[in-house]
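What follows is the residue order along each chain.
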Amino acid sequence: MGLIGLTIISTFMVIAIVAPYVAPYNPFVSDASALYAPPSMQHFLGTNDAGEDVFSELLYAAKISLIVGFTAAFVSTCLGLLVGMLSGYYGGKLDAVVMRVTDIFLTLPTIVLLIVLVAYIGPGLQNIIFAISILGWTGTARSIRSQVMSMKERPYVEASHAIGASNFTIMFGEILPNIMPLVLANGILAVVGAILSEAGLSFLGLGDPTQKSWGEMLYYAETRGAFINGAWWWIAAPGICIVLVALGFTLVGQALDEVFNPRVRTMR
Amino acid sequence: MPGDPTLFLVSDVRVAPQVRQTLLREFGLNLPVWQQFVAYLTNLSQGNLGVSFSLYPQPVLSVLLQRLPWSVALLVVSQLFSAAIGIVLGVIAAWKSGSKIDTSILSFSLATTSTPVFWIGMLLLLLFAFDLPLFPLGGGITPGVIFPSTLAFLADALWHMTLPALALTIIYIGSSSFIMRNTMIDVLGEDFVLLAEAKGIGERAVKFGHAARNAMLPVVTGITLNLGYVVGGAVFTETVFDYPGVGRLIYDAVIARDYPLLQGAFLFIAITVILANLAADVMYAFLDPRIKY
């Protein structure tokens, strides 16, 4: 299962990198003679309302979606790791306060808050990544925190204390390497969320207008008359790509989770 | 936020600038922020959520209450259907764990959780509303029609709700069945299931009467929590189908910089989520006799 996921992901990563060289057309150039053209030998997946080749758009958009996915997931995982680590290790009042803050973030519906946040700080890739990261760290934080709390009592931590290692050293030198697999599993699953969030934001028109991403293709499909003109290829293609990439990461994440997540592991 | 609410309302150049000033004064936007905040709290304590900027002069409370039933109906129906189907699929997959059926159900679940809601919505819309005119193109009810009876009204509303509900259901089936399958696999490994099988009460009774009832807990909790996100939870679906729910309202309000509406909506959200969490806790204690508070 995980292998299928890896294959899918690597395929898309390769696509993202070679897109400008492999794509048959430049998707930013419109072909006025073929608007809303159905799939044909000339245009593999047809064209959109501006005559741009959908297949080429698809290839170019892979890069954007993957970049946003990876970056946002990386940032939010780091944040979650930091918060979970500090909260789990120090415990006490710090832990209580942090947990309440996490609860607040968990309570608010992410989508709504994402929309408001992006509308406030404006469009642009960095802003989208920032917004997704700010709202996505809570799951990782919780998971890391419970792991750290159980790790804290282990003999090797006690031994480190005994030889006078500083808290910082223990946290990042001893505990971190041991929970790294869990961090990785969480990170992969965070990518799924990030990709879907970016698609959603773009679909609502809050994406970066200078780039093409799959969500944005769907946004333009929705607002530029794909339905009326029966351009099913324009609607189906980006969606299938989103599903495939998200599925790829989910499969890998699930496989990692099964191996590394102690809760899941002990239950098997 | 960039852009102020009055620009949305009076963007037409033919409108005199004095109108904009009057609007600013009336909305209290020319007062310092802390003063606006105090005024808001004072109003709130009297149950007044203010007046909507973009749907002027409707009060926020009435706008929210008007849209709420649509969202609630949509989400409750989707959650119930997805839970029912998801539970059954999860049970089947767990019972035949490791077989082809299990793998296919699992793949289906993971695929649906990876799908964006709005895309499924768009596909459904394309297939069943445009290509085959079976369902309406959007909206909550057919506009401009006077319904002879409540039943006719409900029928029309349900007809409009079918596609959005279908889209939401498909998405949630995945997570329901996935959780159900995993919990079920754990439950099936427990001793009491072995005993039930040894008693010879029949496969179906063991599956549903004993194992499933125990395994259902996380799914049920999940549903209750999802219902908490009723307000704003279906933003994408409502946008695709132009469905008159609260999610769509929030999105429109953000575009229009309609602050009172947004504040009222967020208040609603906070209340519903807290209530849903409370309900989930209570229900969990009720369903699982091992938990005592």
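Residues numbered from 1 in each chain as written. Chains lettered and ligands numbered in written order. Predicted model: local features only at pLDDT ≥ 70, side-chain atom pairs only at ≥ 80, totals over all residues.

Caption draft 1: Quick peek at the overall build of chain A. Across its full length, chain A carries 11 helices and zero strands. Listing each helix as α and each strand as β along chain A from the N terminus yields α-α-α-α-α-α-α-α-α-α-α. Counting contacts in chain A only where the partners sit at least 6 residues apart, residues at least 24 apart contribute 73% of the total. (Helix = DSSP H or I, 4+ residues; strand = E, 2+ residues; numbered from the N terminus. Contact = placed C-beta atoms within 7 Å.)

Caption draft 2: Structural detail: the overall build of chain B. On a plain count of helices and strands, chain B comes out with 13 helices and zero strands. The order of helices and strands in chain B, counted from the N terminus, is α-α-α-α-α-α-α-α-α-α-α-α-α. Relative to all contacts within chain B whose residues are 6 or more apart in sequence, the contacts with residues 24 or more apart total 72%.

Caption draft 3: Expanded view of the nonpolar core. Counting residues in hydrophobic clusters, the biggest one holds 143 residues, and the most contacted among them are A:Ile115, A:Leu218, B:Ile250 and B:Ala265. No other element matches helix H8 (residues 167-203) of chain A, which puts 18 residues into this core. Aside from chain neighbours lying at most four places away, what touches A:Ile115 is A:Leu204, A:Leu206, B:Tyr251 and B:Val254. (Core = buried A, V, L, I, M, F, W, Y, C linked by C-beta atoms within 7 Å. Buried ≥ 20, exposed ≤ 12 C-beta atoms within 10 Å, placed from the backbone.)

Caption draft 4: Layout of the interface of chain B and chain A. Of the residues lining the interface, 28 residues belong to chain B; the matching set on chain A comes to 30 residues. Looking at the side of chain B that touches chain A, the elements with two or more residues in it are helix H5 (100-113), helix H6 (117-131), helix H10 (230-233), helix H11 (235-241), helix H12 (246-256) and helix H13 (259-287) of chain B. With seven residues, H6(B) is the largest single contributor of residues to the side of chain B that touches chain A.

Caption draft 5: Spatial organisation of the confidence of the model for chain B. When pLDDT is averaged along chain B, the result is 76; 78% of the residues meet or exceed 70. Quick note on the complex model: pTM equals 0.81, ipTM equals 0.79. (pLDDT = per-residue confidence, 0-100.)

Caption draft 6: Spotlight on helix H8 (residues 191-199) of chain B. Of all nine residues in H8(B), zero are buried, a share of ten percent or less. After H8(B) finishes, the residue B:Gly200 shows a positive phi value of roughly 75°.

Caption draft 7: Region of the structure containing the packing of helix H2 (residues 54-90) of chain A against helix H3 (residues 92-107) of chain A. Residue and element names in this part refer to chain A. Contact pair H2 / H3: the axes reach a minimum separation of 7 Å and the direction vectors enclose 140°. Comparing the axis directions of H2 and H3 gives the class oblique. H3 is crossed by H2, and the crossing has left-handed handedness. Facing Val83, Leu86, Ser87 and Tyr90 of H2, the residues of H3 in contact are Gly92, Leu94, Asp95, Val98 and Met99. (Axes fitted to C-alpha atoms, helices over the stretch in contact; angles between N-to-C directions. Parallel < 35°, antiparallel > 145°, perpendicular 65-115°, else oblique. Left-handed = near helix turned anticlockwise from the far one by under 90°.)

Caption draft 8: Structural detail: unusual backbone geometry. Positive phi, normally seen in glycine, also occurs at B:Asp242, with a value near 55°. Summarising the element assignment, B:Asp242 is placed in the loop between H11 and H12.

Caption draft 9: Quick look at the packing of helix H6 (residues 138-151) of chain A against H8(A). All names here are of chain A. At a minimum axis separation of 10 Å, H6 and H8 run at an interaxial angle of 160°. Overall, the two elements H6 and H8 adopt an arrangement that is roughly antiparallel. In the crossing of H6 with H8, the sense of the turn from one axis to the other is right-handed. Side by side, H6 and H8 meet where Gly139, Thr140, Ser143, Ile144, Gln147, Val148 and Met151 of the first sit next to Ile175, Asn178, Ile179, Leu182, Val183, Asn186 and Ala190 of the second. Of the residues in the contact of H6 with H8, the class split is eight nonpolar, six polar and no charged. (Nonpolar A, V, L, I, M, F, W, Y, C, P; charged D, E, K, R; others polar.)

Caption draft 10: The arrangement of the environment of A:Leu218 in detail. Position of A:Leu218 relative to the elements: it lies in helix H9 (residues 214-223). In sequence terms A:Leu218 and A:Ala237 are 19 residues apart; their C-alpha atoms lie 9.2 Å from each other. In this structure A:Leu218 touches A:Phe203, A:Ile235, A:Pro238, A:Gly239, B:Phe118, B:Trp119 and B:Met122, once residues within four positions along its chain are discounted.

Caption draft 11: Highlighting the environment of B:Phe286. Within the secondary structure layout, B:Phe286 lies in helix H13. Between the C-alpha atom of B:Phe286 and that of B:Arg67, which follows or precedes it by 219 residues, the distance is 32 Å.

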